[in-house]
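Chain and residue survey
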Amino acid sequence: MAKNLVIVESPAKARTIEDFLGEDFLVASSYGHVRDLDKRKKGVDIERNFKPIYKIPEDKKSVVKELKKLSDKAKTVWLATDEDREGEAISWHLKEVLELDDQKVRRIVFDEITKTAILNAIKNPRKIDYHLVDAQQARRILDRLVGFEVSGILWRKVKSKLSAGRVQSVAVKLIVEREREIDSFVPESRFKIIANFLVADEKGNKTNLRAELARFLGNENEAEEFLKKCTGAEFIVENIEKKPVKRSPAAPFTTSTLQQEASIKLRYSVSRTMILAQKLYEAGKITYMRTDSVNLSDFALDAAEQVIRQDFGDEYLQRRQFKTKSKSAQEAHEAIRPTDFTRKKITGTKEEQALYELIWKRAIASQMSEADIERTTVKIKITGTDEVLTAKGEVIKFDGFLKVYFEDSDEENSENGDKAVLPPLNAGQQLEMKEVSAIERYTRPPARYTEASLVKKLEELGIGRPSTYAPTISTIQKRGYVHKDEKMGTERPYRILTLNNKQEISREVKTEITGADKGKLFPADIAMIVTDFLNQHFPQIMDYQFTAHIEDELDEIAEGKMVYHEMLDEFYHPFHKKVNQTIEQSERVSGERILGVDPKTNKTVSVRMARFGPVAQLTDPNNPEAKPEYAGLRRDQKLELITLEEALELFKLPRVVGSFEEKEIVAAIGRFGPYLRHDGKFYALKKEYDPHSISEVESIEVIKAKRLADAEKFIRTFEENSEIQILNGRWGPYLKAGKKNIRIPKDTDINSMTYEDCLKLIGEKGISGTKTSKKKKDEAEEKPKRKSTKKKKAQ
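Residues numbered from 1 in each chain as written. Predicted model: local features only at pLDDT ≥ 70, side-chain atom pairs only at ≥ 80, totals over all residues. Heavy atoms only, no water.

**Things to note about the overall build of the chain**
Scanning the chain for helices and strands turns up 20 helices and 30 strands. In the chain, once contacts between residues fewer than 6 apart in sequence are set aside, the share between residues at least 24 apart is 70%. For the chain, the accessible surface area stands at approximately 43600 Å², while carbon and sulfur atoms represent 48% of it. (Helix = DSSP H or I, 4+ residues; strand = E, 2+ residues; numbered from the N terminus. Contact = heavy atoms within 4.5 Å. Areas by Shrake-Rupley, 256 points an atom, 1.4 Å probe, with all protein chains shown as cover.)

Next comes the structure, spelled out in C-alpha cells:
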C-alpha cells in the first residue's frame, strides 16, 4: 500500500496526476462533493449561528467508504482539490468525513496539471483555508434559505413546482426587463443617405467608393429634398485626413471572457464551454478555468516570448502584464492559458481542439505587438449646398497581434462600418457619381440577451462569480423560466429613393424581415409572473445592487474580514419576517387578464397561467357552475400582449386538417404541446408547424416521418404480448412495456431474448399500461377482491 494518498475531485484529474507521481503515491477521486446540506428542515440550524447540517448522499456512501479505507492505511493524505472556494470546501468536507487528523493532512493547490506544478505543490503544502470554506458555506446556506423559503411561497401563491434563487431570480429579471423593453419599443422611420462614386486609377480601372451623410433624415420629404439638391451638383473631395491608430490586444481569458468569446466565435453554450474547459484542464492542457484574473506568471510570459520570437520574429513581441479590473478577483491567481505554449494544437474532440486553439491564440496575442492602422476619413463636398458626405476606411500597416487573433463583438445594433479600403484620392478631385440613395431605416430595439451577453451583464453588475455564471444560466433554462429559441420575424416594407447618374429620381418599395432572432434567451410567461411577484414582495433580493453587495460580503468572508454567521444573521431575520408577511397577506397570482366578451356566445374571454402553462379561457358569467372552455396559447403568444381576437382564434382547435388513408387528421394543442391525431395515434408537432395553420400535405408528411422513425427503432415483439417490444434507442436497445421503458444490460443478446427474459427484466412491478396476458388475467380472477377501506365522501 502506498504511503501517500492524493484525493482529487474527478477520475480524469486523478489519471493525469498519477502519471507525475511515483510508486509511493496513490491518487483517488471523490467524484465531487461527498456531502451536502440535508434536504430536511432546510439543512441549517438557524438558532445555533446558522450551523449547517450535512448529510452524505446515498450515491456517495460507497465512495466515502472506499476513501476511508484508503486513508486509514496511508501515512499522509494530500487533499488536491481545486484552488477556488468550492475546491477548498470539498477538501474540508473530506477531512471531516474521513476523520483525518491535522498532522496527517496536507492541502496542496496548483493552477495547472503539469509535472512541474504538481511536484512544486507537493514541496509546498499548506493548511486548509477556513476563510475560503466559510465563504463557500455562507453562499450555500444563503442560497438554500432563500431558495427554500421563496420557492415555498411560489408554490402557494403562483404555481406548483416553481423555484427561486438569490442569483437565478435576478438573472431572470434581467431577461424579463429586456423583453418588456422590446415589446414596448416603437420603431421610428428615418432615411439614411448613401452615395456611391466611381474612382478611376492610373490604368483606368474603376473602383467603387461609398460615402454616407453623417445624420439621418426625418422623413421621405426631407430625403427627396436632399436628392433634389444633389441633382446637377458636383461632388468634390474637400479634405483627406489620415490618422495613425494603434490597436492593442485583449487580455488573456478569464472565465467570463472565455464564455463570451466561445459563444461568439464557436457558438458554444456557456455550460458547454465550461465542460470542455474542465476536460482540457484535467488533461493538463490549460490552467485552471475558473478565474477572474488576467495575470500571467513569469514562467508563462517567458514561454510565450520564446514562441513569438521563434514563430513570428522580434518585431511581433511586446511583453505586457495586464491588471485585473475586477475588485472581486479571488483565489485563482492566473488567467486561462495553455500549460505549454509550444503546443499549438492538441489531440481530442473537434470541440476540445477548437476551444484550446482559441485559448492559445488569445494568450499568445496578449504578448504580441500592437497593430499599426492608418485610418482615413474623406470629406466630400456637394456643390451648391452646405452638405458634406463622409467616406471612411482603414489600412493595416503592421498587423502585430492581428496576425494571430481578432476579438469579436456581440453587439448587434451597429450600423456603420469604417474598415473598407479606400481607393487613392486627392484633395480637390471631382468624383463621378454612380448613384445617391435615400434608404428608409428603422430604429432598433435593444437586443435580446444571448448566454454570452448575459454573462457580460452579470459581471458588469457584480452579480455572481466565475464559478456561478454557467450553473445560473443552465438552471434558469432547466426550470422553464427562460428558453433559448429562435423567432422567425415578420416582413416589413421600406422605401428607397435613388438619384441615378442621369439625374433622375426613382422610387421603389422593398421588404425586409424584422424581429427575427436566433439563439437568444426568451422569458416564458411564468418568468414574467414570478418576476413581478418577487419584485412586489421581495424588492431587496431582486435589487441588482443588493445582490452585488452580498457577493462583496462573501468576498470579505473569504478574506477573513467578516464572520460568516454574522452576515447571515444580518440578512436572514428581516428576510424571514418578510416571508411570513407575504404568506399571510399576499393574494394568489396567475397573470390573469380579462380580454373582453365573445360576440357569438357572450362568454367572458380571459387568459391566465394554468397548471400546465398559459391558457385562454371562456367563462359563462350567467352560469358560474358551468365548466369553462380552455385553449392553450401558441408558442409565440404572451399573456401580457395577446388580444381578444387572437384569443378567440385559439378556440378553433381542435380542427380537422384533412384526411389520410380515409381517416381524419385532427390538429390540436394538449398538455405536452401541439399534436396531430390520426387513426387513434398521436403525432407531436415540432416548432416549424403551427396546429392552426398546418396543411393536409404537411400533416401527412409528419405522420409518414414518424412511422418511418418508429420502423427504424423497431427490433422485435412477442406473440404472448404485442405491447412488449424491443426497440433501438439513442443509447442502444431497450425494452418497452406499455408506457414503461427498461434499459437492457449491455452484453445481452437481444435476438435470443425470450418473453420470460423480458418479464424477468421488468420485475415484480408488472407491465404498466399493457394488456395483461391471459394467464395473468386468470390468476387475477382467482384472487378474492379486497373491500375498500375508504370512507365515502360526505354528500
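From this point, the narrative continues.
**Details of helix α2 (residues 61–73)**
For α2, which comprises 13 residues, the first-to-last C-alpha distance of 19 Å matches the rise-based estimate of 18 Å (1.5 Å per residue) to within 8%. On its buried face, α2 sits against β1 (4–8), β2 (25–29), β7 (76–79) and α3 (85–97). (Expected span 1.5 Å × (residues − 1).)

**Observations concerning the nonpolar core**
When a protein is soluble and globular, its nonpolar side chains tend to lie buried together. Formed by 152 residues in total, the largest nonpolar core has its most connected members in F110, L154, L355 and I364. It is helix α5 (residues 130–157) that contributes the most residues to this core, 11 residues altogether. Apart from residues no more than four positions distant in its own chain, L154 is found in contact with K159, L162, S163, A164, Y481, V530, F533 and L534. Counting residues in each nonpolar core, the second largest holds 29 residues, with F191, A195, A223 and L497 among its members. (Core = buried A, V, L, I, M, F, W, Y, C linked by side-chain atoms within 4.5 Å. Buried < 20%, exposed > 50% of the residue type's maximum accessible area, 1.4 Å probe, protein only.)

**Comments concerning the pattern of salt bridges**
Taken as a whole and assessed by the stated rule, the structure comprises 62 salt bridges. Note that K265 is salt-bridged to E261, the shortest N-O span being 2.9 Å. Of this pair, K265 and E261 both sit in helix α8 (residues 255–266), 4 residues apart, which is roughly one turn of the helix. The exposure class assigned to K265 is partly exposed, which follows from its relative accessible area of 29%. Residue E261 is classed as buried on the basis of its relative accessible area, which comes to 3%. In this structure, D690 engages R634 in a salt bridge whose closest nitrogen and oxygen atoms are separated by 2.3 Å. Note that D690 is positioned in the loop between β26 (681–684) and α18 (696–713) and R634 in the loop between β22 (629–632) and α17 (644–650), a separation of 56 residues in sequence. Judged by its relative accessible area of 27%, R634 falls in the partly exposed class. Several salt bridges converge on common partners, so that one network encompasses E179, D183, R448, D517, K520 and K638. (Salt bridge = Lys/Arg side-chain N within 4 Å of Asp/Glu carboxyl O.)

**Description of a negative patch on the surface**
On the surface, E719, E720, E756 and D757 cluster together into a negatively charged patch. Tracing the backbone through its elements, the reader meets E756 in helix α19 (residues 755–762). (Patch = residues over 30% accessible without salt bridge, like charges linked within 9 Å, V, L, I, M, F, W, Y side chains within 5 Å. Lys, Arg positive; Asp, Glu negative; His and termini not counted. Charge placed at Lys NZ, Arg CZ, Asp CG, Glu CD.)

**As for unusual backbone geometry**
Residue L653 is joined to P654 through a cis peptide bond whose omega torsion reads -5 degrees. As for its placement among the helices and strands, P654 is situated in the loop between α17 and β23 (655–660). The backbone of Y31 sits at a positive phi, close to 55 degrees, despite the residue not being glycine. Its place among the elements puts Y31 in the loop between β2 and β3 (36–37). The phi angle at E662 is positive, at roughly 65 degrees, despite the residue not being glycine.

**Regarding the packing of α8 against helix α11 (residues 350–365)**
One can describe the packing of α8 onto α11 by two numbers: an axis separation of 11 Å at closest approach and a directional angle of 120 degrees. When the axis of α8 is compared with that of α11, the two are oblique. Regarding α8 and α11, the two cross each other, and that crossing is right-handed. Residues T257, L258, E261, A262, K265 and L266 of α8 pack against A354, L355, L358, I359 and R362 of α11. Among the residues making up the contact of α8 with α11, the classes are represented as 7 nonpolar, 1 polar and 3 charged. (Axes fitted to C-alpha atoms, helices over the stretch in contact; angles between N-to-C directions. Parallel < 35°, antiparallel > 145°, perpendicular 65-115°, else oblique. Left-handed = near helix turned anticlockwise from the far one by under 90°. Nonpolar A, V, L, I, M, F, W, Y, C, P; charged D, E, K, R; others polar.)

**Quick word on the layout of surface pockets**
Roughly 1700 Å³ of volume is contained in the second largest pocket. Mapped by element, the contributors of at least two residues to the lining of the second largest pocket are α3, α5, α9 (270–282) and α13 (469–478). The element contributing the most residues to the lining of the second largest pocket is α5, with 9 residues. Looking at the lining of the second largest pocket residue by residue, the class counts come to 10 nonpolar, 19 polar and 20 charged. (1 Å grid on protein atoms, 1.4 Å probe; cavity = no way out; pocket = protein on both sides within 12 Å on 5 of 7 lines; lining within 4 Å. Points joined across faces, edges and corners; volume = space filled by probe spheres on them.)

**What about the pairing of strand β10 (residues 206–213)?**
Here strand β9 (residues 189–200) pairs with β10 via 7 bridges, running antiparallel. Bridge pairing in β10 places F197 opposite L209. Taken together, β9 and the strand that follows it, β10, pair antiparallel across an intervening segment of 5 residues, in which G204 is found at a positive phi of about 90 degrees. As paired elements, β10 and strand β13 (residues 388–398) share 2 bridges and run antiparallel to each other. Residue pairing in the sheet places E212 in a bridge with T390 of β13. (Pairing = 2+ DSSP bridges.)

**Structural notes on the sheet that holds β7**
The sheet built from 4 strands is open, its strands ordered β2-β1-β7-β8 with parallel pairing. The sheet is open, and its two edges are formed by β2 and β8 (105–107), each paired on a single side. The sheet shows a mean angle of 25 degrees between the axes of neighbouring strands, taken without regard to direction. Where β1 lies against β2, 5 bridges are found, and the strand directions are parallel. Residue pairing for β2: I7 is matched across the bridge by A28. Strand contacts of α2: β1, β2 and β7, with the helix running at about 165 degrees to β2, the strand carrying the most contacts.

**Focus: the packing of aromatic side chains**
This structure, assessed with the given rule, holds 13 aromatic pairs. Pairing Y316 with F398 gives two aromatic rings, centres 4.8 Å apart and planes at 40 degrees, and the pair type is tilted. Taken as a pair, Y316 in the loop between α10 (298–311) and α11 and F398 in strand β13 lie far apart in primary sequence, 82 residues in all. Taken together, F50, F538, F546, F571, Y572 and F575 form an aromatic cluster joined through their ring pairs. The ring of Y544 carries K173 above its face, with NZ or CZ at 4.6 Å from the centroid. (Phe/Tyr/Trp six-rings, centres within 6.5 Å; stacked < 30°, edge-to-face > 60°. Lys NZ or Arg CZ within 6 Å of the ring centre and 35° of its normal.)

**Thoughts on empty space enclosed by the protein**
Counted according to the given criterion, the structure contains 1 cavity of 30 Å³ or more. Here the largest cavity defines a volume of roughly 40 Å³. Considering the residues around the largest cavity, the lining is formed by S169, V172, Y481, V530, T531, L534 and M542. Only α6 (168–184) and α14 (525–537) provide two or more residues apiece to the lining of the largest cavity. Element by element, the count of residues in the lining of the largest cavity is highest for α14, at 3 residues.

**Regarding the environment of E305**
Relative to the helices and strands, E305 is located in helix α10. For E305, the residues in contact, after removing those within four places along its chain, are L317 and R319. Reaching out from E305, the side chain makes a polar contact with the side chain of R319 at a distance of 2.9 Å. (Polar contact = N/O pair within 3.5 Å; in protein donor to acceptor, adjacent residues only side chain to side chain.)

**Some words on the confidence of the model for the chain**
In the predicted model, the chain carries a mean pLDDT of 90, and the fraction of residues at 70 or more is 93%. For the stretch residues 767–795, pLDDT sits under 50, and the model shows 21 contacts to residues farther than four places along the chain or on other chains. (pLDDT = per-residue confidence, 0-100.)

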